[in-house]
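What follows is each chain in one-letter form.
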Amino acid sequence: MQQLPTDQANPSSPTHPLGSHAKVLLSSVFGPYAQDDEYGSRALNPMELYQNQVTRVQGPFSLRMFHRSWGLMLIQANIEAPTTMLDFPTLERFIEEIRTHKYDVVGISAITPNQLKVQKMCELVRQYLPEATIVVGGHIGNVPDLAEKVDADHVVKGEGVRWFRQFLGEATDRPIRHPLITSGIGTRNVGVTVRDKPGDVAATLIPSVGCPLGCNFCSTSAMFGGKGKFVNFYQTGDELFDIMCQQEEHMQVSSFFVMDENFLFHRKRALRLLELMEKHGKAWSLYVFSSANVLRSYTIEQLVRLGISWVWMGLEGEDSQYTKLHGADARELVKLLQSHGIRVLGSSILCLENHTPENIDAVIDYAVGYDTDFHQFMLYTPIPGTPLHAELTAKGMMKDPSEYHLADIHGQDILNYRHPHIRNGEESEYLVRAFQRDFEVNGPSIMRIVRTTLAGWKRYKNDPDLRVRRRYAWESRELSTTFSAVMGAIHRYYRDDPRVSAIAAGILKDLYEEFGLKSRLAAALGGRYVLYKIRREEARLARGWTYEPPTFYETNFAPPAGSAAQRSASVLARVVPAPAASADARELPQVVALGS
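Note that the structure is a prediction, hence the values are computed from the model and not measured.

It is worth spelling out the side chain of S309 at this point. Structurally, the position occupied by S309 is in strand 15 (residues 308–314). Within polar-contact distance, the side chain of S309 engages the side chain of R343 at 2.3 Å. Beyond its immediate stretch of four places on either side in the chain, S309 contacts S285, L286, Y287, G341, I342, R343, R471 and E475.

Below you can see the structure in the form of structure tokens.
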């Protein structure tokens, strides 16, 4: 395991004089997010992963949801100091917090395009809490000269738990306690906001950070040490199994979003987890990130038994230089996974060095031809701190910062360097073209999800392994009802589009054959209601409606009477004890969580 990165601004990482008695505030950058403003918010770069860079042109069919600031939650769960977390605050709410409460340390997490927001927040902390120590981290920590651009005392690049423990004078080698995190909040699709009922939303599991493959454009890899480097929070399958059992018990979940850049790369740990799942009859579903080559190192039977239900994988093109695709027929692999009910989110990069205006349509068509359940398209973007940025800087290919706004360099708008073939801003149009082509040819992602889920159900509904049958039955539980209604609506919506209408009709036919009258009634009656919701959502979007996350306020000490925290609605959030804890010591420490 790599030696964890140290404080960028001060390598000695001094200890705070108050140690664990220091009051700490951890905050994400302020909103609103889905609008253009003076602080770098962009309508094109909302606080929504899917709408931002996966389903951005799918209108009412776009998957909408928010993800909490998991890194801050992990830090809060693993330091002993009295700590408050403010997630998705407005500017006014952030000011109120630092104006009305005394904090000794203020930690701010951000990505690179949010530099102006971090700068503003640092200025406000200096105004209202002049004696507080300001710590800035997250992906923005990759910026080499950030300490010269924002008024922070420390810029932390890499893993923050160890850094904060050291800064507060705490033992840095204590086992990691895992927060109980719901993977997504506010999920919305086809005009319907899904109720976040216990068990319906996956728990987030964070086994490791960093990526050992180290693609030269990857800011995550650069953040945690680069190629070959990663930080394992949990070394063994036994540790992960213990955490997942506790998440299952306390969150009533059977699915896990595994936030690990290449979870299956750690083969020994993954196979030990499989062994324990089989031994204890756990029919869990795992949503993972993986490279094609690593996926190929497992048999499809192992992936199915391990509960791999959803895979995010890079599909950089037939002439890709990136080794994670070498030796793997990615197109064949995608079809194999889908035929076993494993949904695939493919990720393709546009404007690589060999892309030109003459071949860009062929590049897009090649990506669209994968027919993945979701498809992400991103611009080839040299982010500060990455090897690609250093390489292009050395070649004199980076644009001067005066030629663009930093807030627009997020992979979904413009290039920040001089491409050898693509100039004059054509990249923005190419990106939209790719999303539109995928949507027009393959239809809404929700339709593709139904098709893949149905394929898995038909293949495994009678599997001799009870554990496998249970998992597929759980994943397919809404095929005969909700998903049949959605497909009925899609078939009606696309009645004038022969291609997508034919795909929808074929899926409906399979649903009717499998589930009979129940599915037919859902498609006929529920389909009309869903179509009504789709039309309403379409009109709402046409009027300029945007989606913003709620503010979360969480503290491990009682908030003052009459404060904004007290006036907020109380929601319980808890922490999984460290894996080393004995079975009779699993009472979860509680954190008061308040959403405003």
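A separate point is the sheet that holds strand 9 (residues 192–193). Taken in spatial order, the three strands of this open sheet run 2-8-9, and their pairing is antiparallel. Whereas interior strands pair on both sides, the edge strands pair on one side only; in this sheet they are strand 2 (64–66) and strand 9. The sheet contact formed by strand 8 (residues 185–189) and strand 9 spans two bridges and is antiparallel. Bridging across to strand 9, R188 finds its partner in T193.

For the protein chain, the average pLDDT comes to 89, and 89% of its residues sit at 70 or higher. For residues 1–11, every residue scores under 50 in pLDDT, and the model assigns this stretch 32 contacts once sequence neighbours within four places are set aside. Scored below 50 in pLDDT, residues 581–596 shows 54 contacts in the model against residues more than four places distant or in partner chains.

Turning our attention to the pattern of salt bridges. Counting across every chain of the model gives 35 salt bridges. Ionic pairing is found between R272 and E275, a salt bridge with its closest N-O pair at 2.8 Å. With R272 and E275 both in helix 8 (residues 267–279) and three residues apart, the pair spans about one turn of that helix. R272 sits in the partly exposed class, given a relative accessible area of 27%. A relative accessible area of 45% places E275 in the partly exposed class. One network of salt bridges, with partners in common, ties together D361, D365, E429, R433 and R437.

This part covers the side chain of S290. Relative to the assigned elements, S290 resides in the loop between strand 14 (285–289) and helix 9 (292–296). In contact with S290, other than residues within four places in its own chain, are E261, N262, L264, L295, V311, W312, M313 and G314.

In this structure, F164, L264 and M313 are the most contacted members of the largest nonpolar core, which totals 85 residues. Top element by residues in this core is helix 7 (residues 237–251). It accounts for six residues. When near neighbours in sequence (up to four residues on either side) are disregarded, M313 contacts S290, A292, L295, L333, V334, L337, V344, L345, G346 and S347. Of all hydrophobic cores here, the second largest spans 34 residues; its members include Y33, V118, A132 and V143.

A separate point is the packing of helix 15 (residues 445–460) against helix 17 (residues 482–493). At a closest axis distance of 10 Å, the pairing of helix 15 and helix 17 adopts a crossing angle of 130 degrees. Put simply, helix 15 runs oblique to helix 17. In terms of crossing hand, the pair formed by helix 15 and helix 17 is left-handed. Here I446, M447 and V450 of helix 15 lie close against helix 17, whose contacting residues are F483, V486, M487 and I490. Of the residues that constitute the contact of helix 15 with helix 17, the class distribution is seven nonpolar, no polar and no charged.

Turning to the pairing of strand 8, a few remarks are in order. With five of five residues buried, strand 8 lies mostly within the body of the structure. Where strand 2 lies against strand 8, two bridges are found, and the strand directions are antiparallel. Considered in strand 8, the bridge of F66 is made with I185. The turn linking strand 8 back onto strand 9 is made up of two residues, and V190 within it adopts a positive phi angle of 45 degrees.

The rules behind these values
- For every chain, the first residue of the written sequence is number 1, and numbering continues from 1 onward in sequence order.
- Per-residue local features are limited, in this predicted model, to residues with pLDDT of at least 70; the limit for side-chain atom pairs, both in listing and counting, is 80 or more; totals at the level of whole chains, interfaces and linings are taken over all residues.
- Where side-chain values are given, they derive from all heavy atoms of the structure, hydrogens and water being excluded.
- Helix numbers and strand numbers start at the N terminus; a helix is a DSSP run of H or I with at least 4 residues, a strand a run of E with at least 2.
- Two N or O atoms form a polar contact when they lie within 3.5 Å of each other; inside protein one atom must be a possible hydrogen donor and the other a possible acceptor, and for residues adjacent in sequence the pair counts only when both atoms belong to side chains.
- Contacts are assigned to residue pairs with any non-hydrogen atoms lying within 4.5 Å of each other.
- Note on pairing: two strands pair once DSSP finds at least 2 bridges between them.
- The predictor's confidence in any single residue is recorded as pLDDT, a number from 0 to 100.
- Between Lys or Arg on one side and Asp or Glu on the other, a salt bridge is scored when a side-chain nitrogen of the former is within 4 Å of a carboxyl oxygen of the latter.
- Per-residue accessibility, obtained with a 1.4 Å probe over protein chains only, is compared with the maximum for each type, and a residue is labelled buried under 20%, exposed over 50%, and partly exposed between these values.
- We call a set of buried Ala, Val, Leu, Ile, Met, Phe, Trp, Tyr and Cys residues a nonpolar core when their side-chain atoms join them within 4.5 Å.
- An axis is simply a line fitted to the C-alpha atoms; with a helix, the fit covers only the stretch in contact. Between two such axes, the angle follows the N-to-C directions and lies from 0 to 180 degrees.
- What sets the label is the angle itself: under 35 degrees gives roughly parallel, over 145 gives roughly antiparallel, 65 to 115 gives roughly perpendicular, and the rest give oblique.
- By convention the crossing between two helices is left-handed if the near helix lies anticlockwise of the far one by an angle smaller than a right angle, and right-handed if it lies clockwise.
- Residue type decides the class: Asp, Glu, Lys and Arg count as charged, Ala, Val, Leu, Ile, Met, Phe, Trp, Tyr, Cys and Pro as nonpolar, and the leftover types, Gly among them, as polar.

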